[in-house]
Amino acid sequence: MAARGNFSSRIGFIAAAAGSAVGLGNIWGFPYEAGAGGGAIFVLVYLFFCFALFFPVMLTELAIGRKSGRNAVGAFEALGHKKWNFIGKLGVLSGVLILSFYNVIAGWAFGYTFEMAAGNFEVTEHFRAYTTNIFAVGSYGLLFMIATAYIVSKGVSEGIEKAAKVLMPSLIIMMFSLIIYSLFLPNAMAGIKFFLLPDFSKLTSTVVFNAMGQAFFSLSLGMGTFITYGSYIKKNDNLIGSAALITLTDVGIAITAGLMIFPLIGFISGGSLSGVGRGPELIFVTLPHIFGEIGPTAGAIVGMVFFLLLCFAALTSTVSLLEVPVSYVVDEFKLSRKKAAWMMSGIVYLIGIPSLMGNGYSSYFSEFITYIGADQPTDFLSFIVNIANDSFLPLGGALMVFFAVHIWKKENMEAEIAAGFENYENSWIRKYLRFVMPVLLPGTLFIIFSMIVLSTFFGF
Ligand code: TRP
(Lines give C-alpha, C1' and ligand atoms only; values in the text may rest on other atoms or scores of the structure.)
Protein backbone atom coordinates (compact mmCIF):
# COMPACT_ATOMS: atom_id res chain seq x y z
CA MET A 1 0.00 0.00 0.00
CA ALA A 2 3.02 2.28 0.32
CA ALA A 3 2.81 2.98 -3.39
CA ARG A 4 -0.56 4.69 -3.06
CA GLY A 5 0.96 8.03 -2.02
CA ASN A 6 0.02 10.53 0.65
CA PHE A 7 -0.44 14.24 1.08
CA SER A 8 2.86 15.54 2.39
CA SER A 9 1.36 18.13 4.73
CA ARG A 10 -1.94 19.06 6.28
CA ILE A 11 -1.99 22.39 4.47
CA GLY A 12 -1.42 20.56 1.19
CA PHE A 13 -4.38 18.30 1.88
CA ILE A 14 -6.59 21.26 2.80
CA ALA A 15 -5.57 23.10 -0.37
CA ALA A 16 -6.37 20.06 -2.53
CA ALA A 17 -9.67 19.31 -0.78
CA ALA A 18 -10.77 22.94 -0.80
CA GLY A 19 -9.63 23.06 -4.42
CA SER A 20 -12.00 20.20 -5.16
CA ALA A 21 -14.88 22.01 -3.52
CA VAL A 22 -14.14 25.39 -5.08
CA GLY A 23 -15.00 25.23 -8.76
CA LEU A 24 -17.44 26.26 -11.44
CA GLY A 25 -20.11 25.65 -8.82
CA ASN A 26 -18.83 28.55 -6.72
CA ILE A 27 -17.92 31.09 -9.34
CA TRP A 28 -20.43 30.32 -12.06
CA GLY A 29 -23.26 28.47 -10.28
CA PHE A 30 -23.46 30.25 -6.96
CA PRO A 31 -23.76 33.86 -8.22
CA TYR A 32 -26.39 33.00 -10.79
CA GLU A 33 -28.40 30.86 -8.38
CA ALA A 34 -28.19 33.66 -5.82
CA GLY A 35 -29.17 36.20 -8.46
CA ALA A 36 -32.17 34.17 -9.55
CA GLY A 37 -33.11 33.13 -6.02
CA GLY A 38 -33.64 36.53 -4.43
CA GLY A 39 -30.05 37.42 -3.48
CA ALA A 40 -29.12 37.45 0.19
CA ILE A 41 -31.92 35.15 1.29
CA PHE A 42 -30.50 32.43 -0.95
CA VAL A 43 -27.08 32.99 0.61
CA LEU A 44 -28.48 32.53 4.12
CA VAL A 45 -30.23 29.27 3.30
CA TYR A 46 -27.10 28.06 1.53
CA LEU A 47 -24.97 28.77 4.61
CA PHE A 48 -27.42 26.91 6.81
CA PHE A 49 -27.25 23.79 4.65
CA CYS A 50 -23.47 23.84 4.34
CA PHE A 51 -22.79 24.00 8.05
CA ALA A 52 -25.78 22.43 9.75
CA LEU A 53 -26.51 19.55 7.43
CA PHE A 54 -23.79 18.79 4.93
CA PHE A 55 -20.75 19.26 7.10
CA PRO A 56 -21.42 15.85 8.77
CA VAL A 57 -21.53 14.23 5.31
CA MET A 58 -18.03 15.50 4.62
CA LEU A 59 -16.88 14.23 7.99
CA THR A 60 -18.38 10.81 7.26
CA GLU A 61 -16.55 10.55 3.96
CA LEU A 62 -13.25 11.60 5.51
CA ALA A 63 -13.60 9.12 8.37
CA ILE A 64 -14.40 6.22 6.02
CA GLY A 65 -11.47 7.19 3.79
CA ARG A 66 -8.87 7.58 6.48
CA LYS A 67 -9.87 4.48 8.43
CA SER A 68 -9.87 2.25 5.35
CA GLY A 69 -6.94 3.80 3.50
CA ARG A 70 -8.58 2.80 0.23
CA ASN A 71 -10.45 4.22 -2.76
CA ALA A 72 -14.20 4.94 -2.77
CA VAL A 73 -15.08 1.32 -3.65
CA GLY A 74 -12.37 -0.63 -1.83
CA ALA A 75 -13.01 1.35 1.35
CA PHE A 76 -16.21 -0.58 2.07
CA GLU A 77 -14.42 -3.90 1.74
CA ALA A 78 -11.52 -2.73 3.90
CA LEU A 79 -14.01 -1.89 6.65
CA GLY A 80 -15.38 -5.43 6.37
CA HIS A 81 -18.54 -4.73 4.39
CA LYS A 82 -17.83 -5.66 0.83
CA LYS A 83 -21.54 -5.97 0.05
CA TRP A 84 -21.88 -2.22 0.49
CA ASN A 85 -19.26 -1.30 -2.07
CA PHE A 86 -22.05 -0.61 -4.58
CA ILE A 87 -22.17 2.82 -2.88
CA GLY A 88 -18.60 3.40 -4.02
CA LYS A 89 -19.37 2.10 -7.49
CA LEU A 90 -22.23 4.57 -7.74
CA GLY A 91 -19.72 7.23 -6.70
CA VAL A 92 -17.19 6.26 -9.35
CA LEU A 93 -19.94 6.32 -11.97
CA SER A 94 -21.09 9.74 -10.75
CA GLY A 95 -17.51 11.02 -10.96
CA VAL A 96 -17.12 9.83 -14.54
CA LEU A 97 -20.45 11.36 -15.60
CA ILE A 98 -19.92 14.66 -13.79
CA LEU A 99 -16.42 15.08 -15.15
CA SER A 100 -17.66 14.36 -18.69
CA PHE A 101 -19.86 17.47 -18.79
CA TYR A 102 -17.92 19.57 -16.29
CA ASN A 103 -14.94 19.43 -18.61
CA VAL A 104 -17.07 20.71 -21.50
CA ILE A 105 -17.98 23.83 -19.51
CA ALA A 106 -14.40 24.22 -18.31
CA GLY A 107 -13.39 24.10 -21.98
CA TRP A 108 -15.78 26.98 -22.77
CA ALA A 109 -14.25 29.01 -19.94
CA PHE A 110 -10.74 28.19 -21.14
CA GLY A 111 -11.60 29.41 -24.64
CA TYR A 112 -13.16 32.59 -23.23
CA THR A 113 -9.83 33.45 -21.59
CA PHE A 114 -8.36 33.87 -25.06
CA GLU A 115 -11.43 35.60 -26.47
CA MET A 116 -11.25 38.20 -23.70
CA ALA A 117 -7.51 38.66 -24.06
CA ALA A 118 -8.12 39.37 -27.76
CA GLY A 119 -10.82 41.87 -26.84
CA ASN A 120 -13.51 39.81 -28.53
CA PHE A 121 -16.50 40.76 -26.35
CA GLU A 122 -18.79 39.85 -29.25
CA VAL A 123 -18.85 36.22 -28.07
CA THR A 124 -21.49 37.51 -25.74
CA GLU A 125 -24.07 37.93 -28.48
CA HIS A 126 -22.91 34.81 -30.21
CA PHE A 127 -22.62 32.43 -27.29
CA ARG A 128 -24.71 29.84 -29.11
CA ALA A 129 -22.47 30.10 -32.15
CA TYR A 130 -19.49 29.73 -29.84
CA THR A 131 -20.72 26.49 -28.24
CA THR A 132 -21.90 25.21 -31.63
CA ASN A 133 -18.37 25.39 -32.97
CA ILE A 134 -17.48 22.08 -31.35
CA PHE A 135 -14.13 21.74 -33.06
CA ALA A 136 -12.82 24.86 -31.36
CA VAL A 137 -14.47 24.37 -27.97
CA GLY A 138 -13.80 20.64 -28.16
CA SER A 139 -10.08 21.37 -28.54
CA TYR A 140 -10.12 23.68 -25.53
CA GLY A 141 -11.89 20.92 -23.62
CA LEU A 142 -9.31 18.41 -24.77
CA LEU A 143 -6.47 20.63 -23.54
CA PHE A 144 -8.25 20.99 -20.23
CA MET A 145 -8.64 17.24 -19.89
CA ILE A 146 -4.97 16.73 -20.74
CA ALA A 147 -3.95 19.18 -18.01
CA THR A 148 -6.18 17.31 -15.56
CA ALA A 149 -4.79 13.91 -16.53
CA TYR A 150 -1.23 15.19 -16.33
CA ILE A 151 -1.68 16.44 -12.76
CA VAL A 152 -3.39 13.24 -11.63
CA SER A 153 -0.76 11.06 -13.34
CA LYS A 154 1.94 12.75 -11.25
CA GLY A 155 0.47 11.38 -8.06
CA VAL A 156 -0.97 12.68 -4.83
CA SER A 157 1.83 14.81 -3.40
CA GLU A 158 3.77 15.55 -6.58
CA GLY A 159 0.71 16.23 -8.74
CA ILE A 160 -2.54 17.00 -6.93
CA GLU A 161 -1.04 18.67 -3.88
CA LYS A 162 1.57 20.68 -5.76
CA ALA A 163 -0.93 21.95 -8.31
CA ALA A 164 -3.41 22.96 -5.60
CA LYS A 165 -0.70 24.84 -3.69
CA VAL A 166 -0.06 27.00 -6.75
CA LEU A 167 -3.58 27.29 -8.17
CA MET A 168 -5.49 28.08 -4.98
CA PRO A 169 -3.44 31.07 -3.80
CA SER A 170 -3.34 32.46 -7.36
CA LEU A 171 -7.10 32.14 -7.54
CA ILE A 172 -7.53 34.06 -4.32
CA ILE A 173 -5.17 36.84 -5.39
CA MET A 174 -6.94 37.24 -8.72
CA MET A 175 -10.33 37.34 -7.02
CA PHE A 176 -9.33 40.02 -4.58
CA SER A 177 -7.84 42.23 -7.25
CA LEU A 178 -11.05 41.97 -9.28
CA ILE A 179 -13.19 42.77 -6.25
CA ILE A 180 -11.23 45.93 -5.57
CA TYR A 181 -11.62 46.90 -9.20
CA SER A 182 -15.35 46.22 -9.36
CA LEU A 183 -16.12 47.94 -6.05
CA PHE A 184 -14.91 51.24 -7.49
CA LEU A 185 -17.28 51.14 -10.46
CA PRO A 186 -20.34 53.41 -10.34
CA ASN A 187 -23.41 51.80 -8.70
CA ALA A 188 -21.35 48.94 -7.27
CA MET A 189 -23.09 49.31 -3.92
CA ALA A 190 -26.55 48.58 -5.35
CA GLY A 191 -25.25 45.16 -6.36
CA ILE A 192 -23.65 44.54 -2.98
CA LYS A 193 -26.89 45.45 -1.19
CA PHE A 194 -28.92 43.02 -3.26
CA PHE A 195 -26.39 40.32 -2.51
CA LEU A 196 -26.00 40.92 1.22
CA LEU A 197 -29.27 42.34 2.60
CA PRO A 198 -31.85 39.55 2.82
CA ASP A 199 -35.44 40.12 1.78
CA PHE A 200 -37.36 37.46 3.71
CA SER A 201 -40.43 37.81 1.51
CA LYS A 202 -38.45 36.08 -1.23
CA LEU A 203 -38.07 32.86 0.74
CA THR A 204 -39.85 30.15 -1.25
CA SER A 205 -39.56 26.38 -1.41
CA THR A 206 -37.76 26.70 -4.75
CA VAL A 207 -35.13 28.91 -3.13
CA VAL A 208 -34.64 26.37 -0.34
CA PHE A 209 -34.42 23.50 -2.79
CA ASN A 210 -31.94 25.20 -5.10
CA ALA A 211 -29.79 26.39 -2.20
CA MET A 212 -29.64 22.84 -0.91
CA GLY A 213 -28.60 21.35 -4.25
CA GLN A 214 -26.07 24.09 -4.74
CA ALA A 215 -24.55 23.50 -1.29
CA PHE A 216 -24.26 19.75 -1.78
CA PHE A 217 -22.61 20.01 -5.19
CA SER A 218 -20.38 22.86 -4.15
CA LEU A 219 -18.98 20.86 -1.25
CA SER A 220 -18.15 17.95 -3.62
CA LEU A 221 -20.19 15.52 -1.55
CA GLY A 222 -21.93 12.25 -2.27
CA MET A 223 -19.52 10.43 -4.58
CA GLY A 224 -16.51 9.60 -2.45
CA THR A 225 -14.20 12.49 -3.26
CA PHE A 226 -13.45 12.82 0.43
CA ILE A 227 -13.23 9.06 0.96
CA THR A 228 -10.49 9.12 -1.66
CA TYR A 229 -8.70 12.25 -0.40
CA GLY A 230 -9.20 11.09 3.20
CA SER A 231 -7.34 7.88 2.41
CA TYR A 232 -4.20 9.93 1.78
CA ILE A 233 -4.03 11.72 5.15
CA LYS A 234 -2.32 11.03 8.43
CA LYS A 235 -3.89 9.31 11.40
CA ASN A 236 -3.38 12.19 13.78
CA ASP A 237 -4.95 14.94 11.66
CA ASN A 238 -8.00 16.55 13.16
CA LEU A 239 -10.84 15.58 10.79
CA ILE A 240 -13.35 17.99 12.26
CA GLY A 241 -10.92 20.88 11.94
CA SER A 242 -10.08 19.89 8.37
CA ALA A 243 -13.71 19.56 7.33
CA ALA A 244 -14.45 22.93 8.91
CA LEU A 245 -11.61 24.59 7.02
CA ILE A 246 -12.65 23.05 3.72
CA THR A 247 -16.28 24.13 4.21
CA LEU A 248 -15.26 27.64 5.25
CA THR A 249 -13.01 28.04 2.23
CA ASP A 250 -15.70 26.81 -0.11
CA VAL A 251 -18.35 29.12 1.33
CA GLY A 252 -15.88 31.98 1.57
CA ILE A 253 -14.94 31.73 -2.11
CA ALA A 254 -18.57 31.49 -3.21
CA ILE A 255 -19.40 34.65 -1.30
CA THR A 256 -16.27 36.35 -2.59
CA ALA A 257 -17.37 35.47 -6.14
CA GLY A 258 -20.67 37.20 -5.42
CA LEU A 259 -18.85 40.26 -4.11
CA MET A 260 -16.90 40.32 -7.34
CA ILE A 261 -19.85 39.86 -9.71
CA PHE A 262 -22.77 41.78 -8.19
CA PRO A 263 -21.01 45.16 -8.28
CA LEU A 264 -20.56 44.57 -12.01
CA ILE A 265 -24.29 43.93 -12.34
CA GLY A 266 -25.01 47.08 -10.33
CA PHE A 267 -22.73 48.98 -12.69
CA ILE A 268 -24.19 47.74 -15.96
CA SER A 269 -27.82 48.20 -14.87
CA GLY A 270 -27.22 51.73 -13.58
CA GLY A 271 -28.05 50.55 -10.06
CA SER A 272 -31.49 49.10 -10.84
CA LEU A 273 -30.26 45.49 -11.18
CA SER A 274 -33.02 44.89 -13.68
CA GLY A 275 -32.74 43.80 -17.27
CA VAL A 276 -29.58 41.85 -16.55
CA GLY A 277 -29.55 38.16 -17.42
CA ARG A 278 -28.92 36.41 -14.15
CA GLY A 279 -29.50 32.81 -15.18
CA PRO A 280 -26.84 30.35 -16.33
CA GLU A 281 -25.94 32.88 -19.02
CA LEU A 282 -24.62 35.24 -16.34
CA ILE A 283 -21.00 34.22 -16.75
CA PHE A 284 -20.83 33.49 -20.44
CA VAL A 285 -23.13 36.20 -21.77
CA THR A 286 -23.66 38.99 -19.26
CA LEU A 287 -20.16 39.35 -17.83
CA PRO A 288 -18.25 39.56 -21.13
CA HIS A 289 -20.71 42.23 -22.25
CA ILE A 290 -19.94 44.16 -19.06
CA PHE A 291 -16.21 43.75 -19.64
CA GLY A 292 -16.72 45.25 -23.09
CA GLU A 293 -18.48 48.25 -21.52
CA ILE A 294 -15.59 48.81 -19.15
CA GLY A 295 -13.40 49.73 -22.12
CA PRO A 296 -11.23 47.87 -24.61
CA THR A 297 -7.99 47.58 -22.63
CA ALA A 298 -9.26 47.42 -19.07
CA GLY A 299 -12.05 45.11 -20.20
CA ALA A 300 -9.64 42.75 -21.91
CA ILE A 301 -7.44 42.55 -18.81
CA VAL A 302 -10.29 42.17 -16.34
CA GLY A 303 -12.04 39.66 -18.60
CA MET A 304 -8.94 37.59 -19.12
CA VAL A 305 -8.11 37.50 -15.42
CA PHE A 306 -11.68 36.54 -14.62
CA PHE A 307 -11.79 33.56 -16.97
CA LEU A 308 -8.31 32.48 -16.01
CA LEU A 309 -9.32 32.33 -12.38
CA LEU A 310 -12.42 30.39 -13.37
CA CYS A 311 -10.16 27.88 -15.13
CA PHE A 312 -7.91 27.59 -12.08
CA ALA A 313 -10.93 26.91 -9.88
CA ALA A 314 -12.25 24.34 -12.34
CA LEU A 315 -8.90 22.57 -12.69
CA THR A 316 -8.54 21.60 -9.02
CA SER A 317 -12.13 20.29 -9.26
CA THR A 318 -11.61 18.24 -12.42
CA VAL A 319 -8.49 16.80 -10.79
CA SER A 320 -10.55 15.58 -7.83
CA LEU A 321 -13.26 14.22 -10.09
CA LEU A 322 -10.71 12.22 -12.06
CA GLU A 323 -8.89 11.05 -8.94
CA VAL A 324 -11.91 9.08 -7.68
CA PRO A 325 -12.08 6.63 -10.63
CA VAL A 326 -8.29 6.65 -11.02
CA SER A 327 -7.59 5.64 -7.44
CA TYR A 328 -10.26 2.96 -7.82
CA VAL A 329 -8.56 1.27 -10.77
CA VAL A 330 -5.07 1.78 -9.29
CA ASP A 331 -6.02 0.09 -6.00
CA GLU A 332 -8.33 -2.60 -7.29
CA PHE A 333 -6.93 -3.49 -10.69
CA LYS A 334 -3.29 -2.78 -9.93
CA LEU A 335 -2.89 -0.49 -12.93
CA SER A 336 -0.07 2.05 -12.78
CA ARG A 337 -1.26 5.52 -11.87
CA LYS A 338 0.05 6.91 -15.13
CA LYS A 339 -1.85 4.44 -17.27
CA ALA A 340 -4.97 4.79 -15.18
CA ALA A 341 -4.99 8.59 -15.40
CA TRP A 342 -4.55 8.76 -19.17
CA MET A 343 -6.92 5.92 -19.88
CA MET A 344 -9.70 7.18 -17.62
CA SER A 345 -9.46 10.72 -18.89
CA GLY A 346 -9.67 9.43 -22.48
CA ILE A 347 -12.82 7.47 -21.67
CA VAL A 348 -14.36 10.42 -19.85
CA TYR A 349 -13.59 12.74 -22.74
CA LEU A 350 -15.39 10.41 -25.15
CA ILE A 351 -18.40 10.17 -22.84
CA GLY A 352 -18.45 13.98 -22.84
CA ILE A 353 -18.77 14.29 -26.62
CA PRO A 354 -22.61 14.15 -26.69
CA SER A 355 -22.63 16.91 -24.05
CA LEU A 356 -20.29 18.90 -26.26
CA MET A 357 -22.51 18.37 -29.30
CA GLY A 358 -25.74 19.04 -27.42
CA ASN A 359 -25.30 22.80 -27.27
CA GLY A 360 -26.32 23.68 -30.78
CA TYR A 361 -24.17 21.48 -32.98
CA SER A 362 -26.33 18.38 -33.06
CA SER A 363 -30.09 18.81 -32.88
CA TYR A 364 -30.39 15.20 -31.70
CA PHE A 365 -28.30 15.83 -28.58
CA SER A 366 -29.59 19.39 -28.15
CA GLU A 367 -33.15 18.08 -27.84
CA PHE A 368 -32.18 14.75 -26.44
CA ILE A 369 -35.09 13.71 -24.27
CA THR A 370 -38.50 14.98 -23.20
CA TYR A 371 -39.35 13.98 -19.65
CA ILE A 372 -42.82 12.85 -18.70
CA GLY A 373 -45.01 15.90 -18.19
CA ALA A 374 -42.45 18.33 -19.64
CA ASP A 375 -43.25 20.49 -22.63
CA GLN A 376 -39.64 21.21 -23.58
CA PRO A 377 -36.97 18.69 -24.49
CA THR A 378 -33.81 18.54 -22.37
CA ASP A 379 -30.36 18.63 -23.93
CA PHE A 380 -27.83 15.89 -23.27
CA LEU A 381 -25.63 17.91 -20.91
CA SER A 382 -28.58 18.88 -18.72
CA PHE A 383 -29.79 15.29 -18.82
CA ILE A 384 -26.48 14.12 -17.34
CA VAL A 385 -26.67 16.91 -14.75
CA ASN A 386 -30.15 15.68 -13.76
CA ILE A 387 -28.94 12.11 -13.41
CA ALA A 388 -25.53 12.52 -11.83
CA ASN A 389 -25.66 15.77 -9.82
CA ASP A 390 -29.30 15.96 -8.95
CA SER A 391 -30.07 12.28 -8.36
CA PHE A 392 -26.92 10.21 -7.76
CA LEU A 393 -25.18 12.63 -5.39
CA PRO A 394 -27.95 12.97 -2.77
CA LEU A 395 -28.59 9.22 -3.03
CA GLY A 396 -24.88 8.49 -2.55
CA GLY A 397 -24.72 10.88 0.40
CA ALA A 398 -27.74 9.29 2.06
CA LEU A 399 -26.29 5.80 1.61
CA MET A 400 -22.85 6.77 2.94
CA VAL A 401 -24.22 8.33 6.11
CA PHE A 402 -26.57 5.40 6.61
CA PHE A 403 -23.70 2.98 6.10
CA ALA A 404 -21.40 4.77 8.53
CA VAL A 405 -23.90 4.93 11.38
CA HIS A 406 -25.77 1.66 11.03
CA ILE A 407 -23.50 -0.79 9.23
CA TRP A 408 -19.96 0.29 10.04
CA LYS A 409 -21.45 1.54 13.37
CA LYS A 410 -21.29 4.97 14.88
CA GLU A 411 -18.85 3.90 17.62
CA ASN A 412 -16.29 3.01 14.93
CA MET A 413 -16.82 6.23 13.07
CA GLU A 414 -16.57 8.17 16.31
CA ALA A 415 -13.31 6.44 17.21
CA GLU A 416 -11.90 7.56 13.85
CA ILE A 417 -13.04 11.15 14.39
CA ALA A 418 -11.73 11.17 17.95
CA ALA A 419 -8.21 10.28 16.76
CA GLY A 420 -6.70 13.72 16.37
CA PHE A 421 -9.49 15.57 18.16
CA GLU A 422 -8.90 16.09 21.85
CA ASN A 423 -11.82 15.64 24.15
CA TYR A 424 -14.23 14.49 21.46
CA GLU A 425 -16.12 12.47 24.09
CA ASN A 426 -17.41 15.59 25.81
CA SER A 427 -17.74 17.90 22.83
CA TRP A 428 -20.97 19.47 21.58
CA ILE A 429 -20.10 18.31 18.10
CA ARG A 430 -20.41 14.69 19.24
CA LYS A 431 -23.87 15.39 20.64
CA TYR A 432 -24.83 17.15 17.45
CA LEU A 433 -23.60 14.33 15.22
CA ARG A 434 -25.47 11.79 17.34
CA PHE A 435 -28.57 13.89 16.85
CA VAL A 436 -28.49 14.37 13.06
CA MET A 437 -26.68 11.36 11.69
CA PRO A 438 -28.81 8.30 12.51
CA VAL A 439 -32.09 9.33 10.87
CA LEU A 440 -32.48 13.02 10.14
CA LEU A 441 -29.59 13.46 7.72
CA PRO A 442 -29.88 10.28 5.63
CA GLY A 443 -33.65 10.68 5.70
CA THR A 444 -33.50 14.24 4.40
CA LEU A 445 -31.09 13.30 1.65
CA PHE A 446 -33.22 10.37 0.64
CA ILE A 447 -36.33 12.54 0.50
CA ILE A 448 -34.46 15.09 -1.62
CA PHE A 449 -33.39 12.32 -3.96
CA SER A 450 -36.95 10.99 -4.30
CA MET A 451 -38.43 14.43 -4.82
CA ILE A 452 -35.90 15.29 -7.50
CA VAL A 453 -36.46 12.05 -9.38
CA LEU A 454 -40.24 12.42 -9.24
CA SER A 455 -40.32 16.08 -10.19
CA THR A 456 -37.60 16.05 -12.85
CA PHE A 457 -38.27 12.83 -14.69
CA PHE A 458 -41.93 12.14 -13.96
CA GLY A 459 -43.45 15.58 -13.87
CA PHE A 460 -44.84 15.54 -10.32
N1 TRP B 1 -17.54 21.18 -6.05
C2 TRP B 1 -17.06 21.48 -7.36
C3 TRP B 1 -17.68 22.79 -7.82
O4 TRP B 1 -18.29 23.47 -7.05
C5 TRP B 1 -17.32 20.38 -8.35
C6 TRP B 1 -16.91 19.04 -7.87
C7 TRP B 1 -15.66 18.53 -7.80
C8 TRP B 1 -17.77 18.03 -7.37
N9 TRP B 1 -15.69 17.27 -7.27
C10 TRP B 1 -16.96 16.94 -7.02
C11 TRP B 1 -19.12 17.97 -7.20
C12 TRP B 1 -17.54 15.81 -6.47
C13 TRP B 1 -19.70 16.84 -6.67
C14 TRP B 1 -18.91 15.77 -6.29
O15 TRP B 1 -17.57 23.18 -8.93
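Residues numbered from 1 in each chain as written. Predicted model: local features only at pLDDT ≥ 70, side-chain atom pairs only at ≥ 80, totals over all residues. Heavy atoms only, no water.

J.: Can you lay out the site of the ligand for me, pointing to particular residues and giving the numbers?
T.: Near the ligand lie 17 residues; those nearest to it are A21, G25, Y102, F217 and S220. Separating an oxygen atom of the ligand from a side-chain N or O atom of N26 is a distance of 3.3 Å. Between the ligand and the protein, one listed contact pairs a nitrogen atom with a side-chain N or O atom of S320 at 3.3 Å. Within the complex, 100% of the 360 Å² of free accessible area of the ligand lies under protein. Elements with a contribution of two residues or more to the shell around the ligand: helix 1 (10-21), helix 2 (24-36), helix 10 (205-218) and helix 14 (296-333). When the residues that make up the shell around the ligand are grouped by side-chain class, the tally is eight nonpolar, nine polar and no charged. (Near = heavy atom within 4 Å. Polar contact = N/O pair within 3.5 Å; in protein donor to acceptor, adjacent residues only side chain to side chain. Areas by Shrake-Rupley, 256 points an atom, 1.4 Å probe, with all protein chains shown as cover. Helix = DSSP H or I, 4+ residues; strand = E, 2+ residues; numbered from the N terminus. Nonpolar A, V, L, I, M, F, W, Y, C, P; charged D, E, K, R; others polar.)

J.: Residue-level account of unusual backbone geometry, with values.
T.: Its identity as a non-glycine residue notwithstanding, N187 has a phi of 65°, on the positive side. Of note, N187 is situated in the loop between helix 8 (156-183) and helix 9 (188-196). The class of N187 is partly exposed, set by a relative accessible area of 38%. Notably, K409 is not glycine yet its phi reads approximately 90°, a positive angle. Exposure remark for K409: the relative accessible area of 42% places this residue in the partly exposed category. (Buried < 20%, exposed > 50% of the residue type's maximum accessible area, 1.4 Å probe, protein only.)

J.: Let's hear about the environment of N133: which residues, and what values?
T.: Along the chain, N133 falls in the loop between helix 6 (127-132) and helix 7 (134-153). Look at N133 and you get partly exposed, because its relative accessible area is 40%. For N133 and N426, which are 293 residues apart along the polypeptide, the C-alpha to C-alpha distance reads 60 Å.

J.: Please set out the nonpolar core residue by residue, giving values where relevant.
T.: One finds I27, F54, F284, F291, F306 and F307 to be the most contacted residues of the largest nonpolar core, which totals 169 residues. Sort the elements by how many residues they give to this core and helix 14 lands first, with 17 residues. Among all residues touching F284, those that are not within four sequence positions of it are W28, I105, W108, A109, Y112, T124, F127 and F307. (Core = buried A, V, L, I, M, F, W, Y, C linked by side-chain atoms within 4.5 Å. Contact = heavy atoms within 4.5 Å.)

J.: Which residues make up the packing of aromatic side chains, and what are the values?
T.: With the rule as written, the count across this model stands at 46 aromatic pairs. Aromatic side chains Y112 and Y130 sit 4.9 Å apart centroid to centroid with 85° between the ring planes, which places their arrangement in the edge-to-face category. Highlighted residues: Y112 in helix 5 (residues 86-117) and Y130 in helix 6, separated in sequence by 18 residues. Since its relative accessible area comes to 8%, Y130 is described here as buried. (Phe/Tyr/Trp six-rings, centres within 6.5 Å; stacked < 30°, edge-to-face > 60°.)

J.: Run through the pattern of salt bridges, naming residues and quoting values.
T.: Opposite charge on two side chains allows them to pair when their charged atoms are near. Counted according to the given criterion, the structure contains 12 salt bridges. Residues D199 and K202 are paired through a salt bridge, measuring 3.8 Å at the closest nitrogen-oxygen approach. As a salt-bridge pair, E425 and R430 come within 3.8 Å of each other at their nearest N and O atoms. Look at E425 and you get exposed, because its relative accessible area is 51%. A single salt-bridge network, built from bridges that share partners, covers E414, E425, R430 and R434. (Salt bridge = Lys/Arg side-chain N within 4 Å of Asp/Glu carboxyl O.)

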